[in-house]
Amino acid sequence: MSDPQKPSISRRGFLKAASVTAASTLVESVHAVAKEANEASRGPRTSGPGLVPIVLHVNGIAHSLTVEPRLTLAEALRDSLGLTGTKVVCDRGSCSACTIWLDKLPTLSCMTLAIDVGSRNITTIEGIATGSQLHPVQAAFVKHDAMQCGFCTPGMVMSCVALLDRNPSPTLDDVKHAVSGNLCRCGTYPKVFAATLEVAQGRKLVNPIISANREKGA
Amino acid sequence: MNRFSFVDCTSVHDALDQMNHGAMVKAGGIDLLDLMKDGIIAPSTLVNIRQIKGLHGIVVSQQGLTIGPLTTLAELAAHPDIQQKYTALSDAAGHAATPQIRNMATVGGNLMQRQRCWYFRSAEFPCLRKGGSECFAQQGQNQYHAIMGNQICAMVHPSSTAVPLLAMEAHVELASKKGTRTVALNKFYVTPEESIENETIVKEDELITSIFVPSPAKGTRSAYQKYGEKESFDWPLADAGVVLVMDGDHCHSASIVLGVAAPTPLRAKAAEVLLTGKRIDEATARAAGKAAVSDATPLAQNGYKVQLFQTVIYRTILLAAGQLKRDPSAVGGLA
Ligand SMILES: Cc1cc2nc3c(=O)[nH]c(=O)nc-3n(C[C@H](O)[C@H](O)[C@H](O)COP(=O)(O)OP(=O)(O)OC[C@H]3O[C@@H](n4cnc5c(N)ncnc54)[C@H](O)[C@@H]3O)c2cc1C
Ligand code: FES
Ligand code: FES
């Protein structure tokens, strides 16, 4: 669980349910299917409404905590784990300030229940830098002054880093699309676009070896 | 948010067992959490179906497209076969909400989400839908409300995926402990005239277990467009799905659906009749747009939506027919 880059395959499921529906899961490996069949016998598991012990895998570290089922992931990260880099602005899914990654997919921590994360790997803004060295996107945000009040910034960075991880040479439209849900009241969008595009350009032109390694996950 | 128990289910059978009074099904959780945080609903139990593997996935066959209800909007939007053969559906899924929400929201939950109305979604207004005696939108702030079927309750149904799915004559399979049944999507939504308590025909103990879209007839082309207040992402002010079965440049048959025009997604029969057998060009497309809203009954502040619907309909007809490009001022048009 220490590698936040590695998607988890331990989600439980029950493929037999496919007989009730015509739909079936196409992409699961044989291994995962066998695992599901074993786990299926567990049946439903009820938790709460009181405190329930859970484990959250955040930025490669497993944290044990007790939560009520109604606690959101944003609250768990900020209030229980002290990871206040993730911001909460609207708390309703409308602004994307609270963007984190679940298994590398940008999602909203304010609209996710902590108890529902399971074994998925959580990456927050605190997990983007390497030690005290900023991620290139963070450094480019600083260079381009891509923030004013800074409330939207962690969410913006999470969207932009995820974009570059899946598309190393985005166009301006790709960047706009990636942050289309991230609202910035201060109007920093042009600088966000410039910073992200510069990182993409720089990786391609300046240091092809490092960027190639990054893409391989090295 | 109220306190609740949380039940993780790994099979449809288990989930159906848990769907007792006071319990609600949770898929992506976006609409549920929204309503719970605002105190509009307070389920005692959330039945978590998110991890039921058999309800997740897309199967394309000769007969058509079978979609597991837990398939996310992002997965629908990115599927190459859907992009190619069921274009309006991938476009609708890809333009709903935000990238983050599309990674979380499921198509089953998208069809089942409650309508949008700020009076309904505010605990301070005991409106008709919440057992009260008044629809506050009739005399209140109604710029985002319904322009048709709005006499009793003027909420709009915002499901972007329902628009093309209805136009493509999709069916929904429902399961309960008593068995399964299949319902055409055009019988799925309930108007306020039919019932003020229910918004769909889905019963409390029923689960959507699959969505089926029949294979398109030869010569079918489809398109979806959505207009909002912003170009980046927004709730729709007007959206339309168009499916045309073309015979050369003549329209053999048309299916046109309007989103957020009424309390349910709405098929524009008058516009469909107008296109049938005709050559598709700007004049016929504009006439169809006009016909679609001819019986609109706008409220004090939403007359502009009548014009907006005419525009989205005619432009989406021409987009489906391959005669116009996607409107850059539509939501997601960018550039
Ligand atoms: C900022 C913002 C913008 C948005 N913009 C749009 C937009 O443009 N277009 C659009 O369409 N939507 C939009 N939405 C709404 C969003 O897409 C829906 O809330 C979401 O799709 C609901 O899916 P879910 O899986 O999260 O459902 P949940 O919240 O888990 O469930 C919603 C409802 O469906 C029921 N349900 C879920 N799955 C099943 C099932 N299999 N069987 C029976 N019942 C089930 C639940 O019990 C619940 O009542 C927006 C939301 C936000 C916050
Ligand atoms: S705080 Fe989560 S989307 Fe606004
Ligand atoms: S910098 Fe203030 S909201 Fe974006």
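Located above this text is the structure these notes cover.
Residues numbered from 1 in each chain as written. Chains lettered and ligands numbered in written order. Predicted model: local features only at pLDDT ≥ 70, side-chain atom pairs only at ≥ 80, totals over all residues. Heavy atoms only, no water.

## Side note on the packing of aromatic side chains
Residue and element names in this part refer to chain B.
- Counted according to the given criterion, the structure contains 6 aromatic pairs over all chains.
- Considering the side-chain rings of tryptophan 118 and tyrosine 144, the 5.3 Å spacing of their centres and the 65° angle between planes classify their relative orientation as edge-to-face. With tryptophan 118 in the loop between α7 (107-112) and α8 (162-167) and tyrosine 144 in the loop between α7 and α8, the pair connects residues that are 26 residues apart, well separated along the chain.
- We classify tyrosine 144 as partly exposed; its relative accessible area is 29%.
- With a centroid separation of 6.0 Å and 35° between ring planes, the pair formed by tyrosine 119 and phenylalanine 136 is classed as tilted. In this pair, tyrosine 119 sits in the loop between α7 and α8 while phenylalanine 136 sits in the loop between α7 and α8, placing the two residues 17 residues apart along the sequence.
- Note on tyrosine 119: relative accessible area 10%, which makes it buried.
- Taken together, the ring pairs in this structure connect Tyr119, Phe125 and Phe136 into an aromatic cluster.
- Geometry around phenylalanine 233 places lysine 230 over its ring, the cationic atom sitting 4.3 Å from the centre.
- The lysine or arginine in question, arginine 286, covers the ring of tyrosine 314, its NZ or CZ lying 4.1 Å from the ring centre. (Phe/Tyr/Trp six-rings, centres within 6.5 Å; stacked < 30°, edge-to-face > 60°. Helix = DSSP H or I, 4+ residues; strand = E, 2+ residues; numbered from the N terminus. Buried < 20%, exposed > 50% of the residue type's maximum accessible area, 1.4 Å probe, protein only. Lys NZ or Arg CZ within 6 Å of the ring centre and 35° of its normal.)

## Some points on the pairing of strand β3 (residues 61-67) of chain A
- As paired elements, strand β2 (residues 52-58) of chain A and β3(A) share 7 bridges and run antiparallel to each other. Paired with His57(A) across the strands is Ala62(A), a residue of β3(A). (Pairing = 2+ DSSP bridges.)

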